[in-house]
Amino acid sequence: MKPPPFAYAAPRSVADATALLRASDGDAKLLAGGQSLLPLLAMRLARPSLLVDLGRIADLDYVREDDGMIAIGAMTTKTAVERSALIRTRQPLLHDATRLIGHPQIRNRGTVGGSMAQADPAAEYPAVAVALGATLRLAGERGERSVDAAAFFPSPFTTALEPSEILTEIRVPMRAAGSGWSVLEIARRHGDFALAGAVVMLGIESGRIASARIVLFGVAPVPVRVSAGEAALLGESPGRPAFEHAAACARDAVSEPLSDPHASAAYRCHLAGVLVGRGLAEAAARAEGSS
Ligand SMILES: Cc1cc2nc3c(=O)[nH]c(=O)nc-3n(C[C@H](O)[C@H](O)[C@H](O)COP(=O)(O)OP(=O)(O)OC[C@H]3O[C@@H](n4cnc5c(N)ncnc54)[C@H](O)[C@@H]3O)c2cc1C
């Protein structure tokens with residue numbers, strides 16, 4: 001099917017883009033890599049009167065160290081994230097998660113900001129952002145503001161963005177010394193969206209778990225933080241008994257499991273437990289092997 005007719009604008013600055021959004025009164029859509037938006041247009045599930053292409057705004061495309069954080073411009077492609085030496089060495093969780101997204105062709109066009117703004121329940125980046133405690137910078141008619149990732153994804157395919165706001169930057173902390181990470185998922189085929197996925201981070205000090213973060217994706221309408229499992233791990237020795245308990249907490253943490261022809265709610269919850277158990281073992285091995 002062909003998209004319905006729309007006007008097209010390619011502003012050169014964030015200020016010009018937000019002015020176009022404001023003038024359209026909620027009837028415009030931002031275009032980033034187009035990997036999610038263009039199929040929606042073709043299926044006529046979105047009918048904006050104006051597309052505002054962010055592709056000509058050069059200063060939204062960067063990966064750099066800034067004030068002890070990694071700052072990523074919203075229009076940075078996933079391929080650029082995958083190839084960034086800064087991200088690979090200082091935040092390898094983000095590097096590994098990027099390699100799970102779709103296929104190289106998708107990653108060549110799809111952007112970090114597009115994935116965050118799309119807020120697909122099965123996407124890797126929202127869960128990674130919640131696990132890392134990332135901050136999202138937004139620009140709008142009333143200036144700039146920052147939102148914690150934990151508050152950015154209130155419901156599926158919905159974010160904290162106001163209609164005339166643009167996501168400009170994602171800021172993620174660097175990996176702490178002595179910490180380990182894991183991101184695992186189950187998909188029907190390589191490159192498909194995950195049926196279930198788990199992001200795990202562990203800090204180990206003097207043979208005991210000093211910090212833990214567990215976030216699930218693909219199993220519920222939004223990323224699910226397994227707070228009970230995280231709390232139960234603190235102070236424990238890294239090993240099977242503690243990991244099995246946290247995996248059970250992960251199965252119980254999904255209060256609204258997704259169910260569709262690809263996977264039932266019960267199967268998704270089962271996968272969540274399996275992935276958390278495996279992820280904790282992988283993260284612990286990495287933490288114990290690092291300094
Ligand atoms: C075959 C296929 C497989 C895929 N597999 C995966 C996968 O496994 N995991 C995964 O996470 N994704 C997957 N995707 C989706 C892909 O990652 C998209 O790149 C992503 O969802 C959207 O990024 P985009 O840059 O293409 O955004 P677009 O499609 O251009 O935009 C998506 C939405 O975000 C809004 N938007 C974009 N940028 C901004 C911004 N800076 N500020 C505010 N709003 C903005 C747009 O208006 C639109 O509503 C897949 C896509 C395809 C086609």
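Coordinates for the structure precede this section.
So, here is what we can say about the structure in this document. Just so it is clear, the structure is predicted and the values come from calculations on it, not from any experiment.

Cut-offs used in this document
- Residues numbered from 1 in each chain as written.
- Predicted model: local features only at pLDDT ≥ 70, side-chain atom pairs only at ≥ 80, totals over all residues.
- Heavy atoms only, no water.
- Pairing = 2+ DSSP bridges.
- Helix = DSSP H or I, 4+ residues; strand = E, 2+ residues; numbered from the N terminus.
- Axes fitted to C-alpha atoms, helices over the stretch in contact; angles between N-to-C directions.
- Contact = heavy atoms within 4.5 Å.
- Near = heavy atom within 4 Å.
- Polar contact = N/O pair within 3.5 Å; in protein donor to acceptor, adjacent residues only side chain to side chain.
- Areas by Shrake-Rupley, 256 points an atom, 1.4 Å probe, with all protein chains shown as cover.
- Nonpolar A, V, L, I, M, F, W, Y, C, P; charged D, E, K, R; others polar.
- Expected span 1.5 Å × (residues − 1).
- Buried < 20%, exposed > 50% of the residue type's maximum accessible area, 1.4 Å probe, protein only.
- Arc of directions from axis to C-beta.

Let's shift gears to the sheet that holds strand β1 (residues 7–9). Strand order in this open sheet of three strands is β1-β3-β2, and the pairing throughout is parallel. Of all strands in the sheet, those with a lone pairing partner are β1 and β2 (28–31), marking the two edges. On average, each strand axis in the sheet is inclined to that of its neighbour by 25°, with strand direction left out of account. Two strands pair when backbone bridges link them, and β1 and strand β3 (residues 50–53) are joined in this way by three bridges, in the parallel orientation. Residue pairing in the sheet places alanine 7 in a bridge with leucine 50 of β3. The strands that helix α1 (residues 14–24) touches are β1, β2 and β3; relative to β3, the one it contacts most, it runs at about 165°.

The immediate surroundings of the ligand are formed by 30 residues, with Leu30, Ser36, Leu37, Lys78 and Thr111 found nearest. The separation between an oxygen atom of the ligand and a polar main-chain atom of glycine 102 is 3.2 Å. Here glutamate 124 contributes a side-chain N or O atom positioned 2.8 Å from a nitrogen atom of the ligand. Burial of the ligand by the protein amounts to 88% of the accessible area it has alone, namely 970 Å². When residues of the shell around the ligand are traced back to their parent elements, those giving at least two are β2, α7 (112–118) and β8 (166–173). With four residues, α7 is the single largest residue contributor to the shell around the ligand. For the shell around the ligand, the class distribution of residues is 15 nonpolar, 11 polar and four charged.

The subject of this paragraph is helix α11 (residues 240–253). Between its first and last C-alpha, α11 extends 20 Å over 14 residues, near the 20 Å set by a 1.5 Å rise per residue. Listed as buried for α11 are Ala242, Phe243, Ala246, Ala247, Cys249 and Ala250. For α11, the angular spread of the buried residues around the axis is 160°, confining them to a single face. Away from the buried face of α11 by more than 90 degrees, exposed residues Arg240, Pro241 and Asp252 are located. Close packing links the buried residues of α11 with β10 (196–205), β11 (208–217), α10 (227–233) and α12 (265–289).

None of this, on its own, says anything about what the molecule does.
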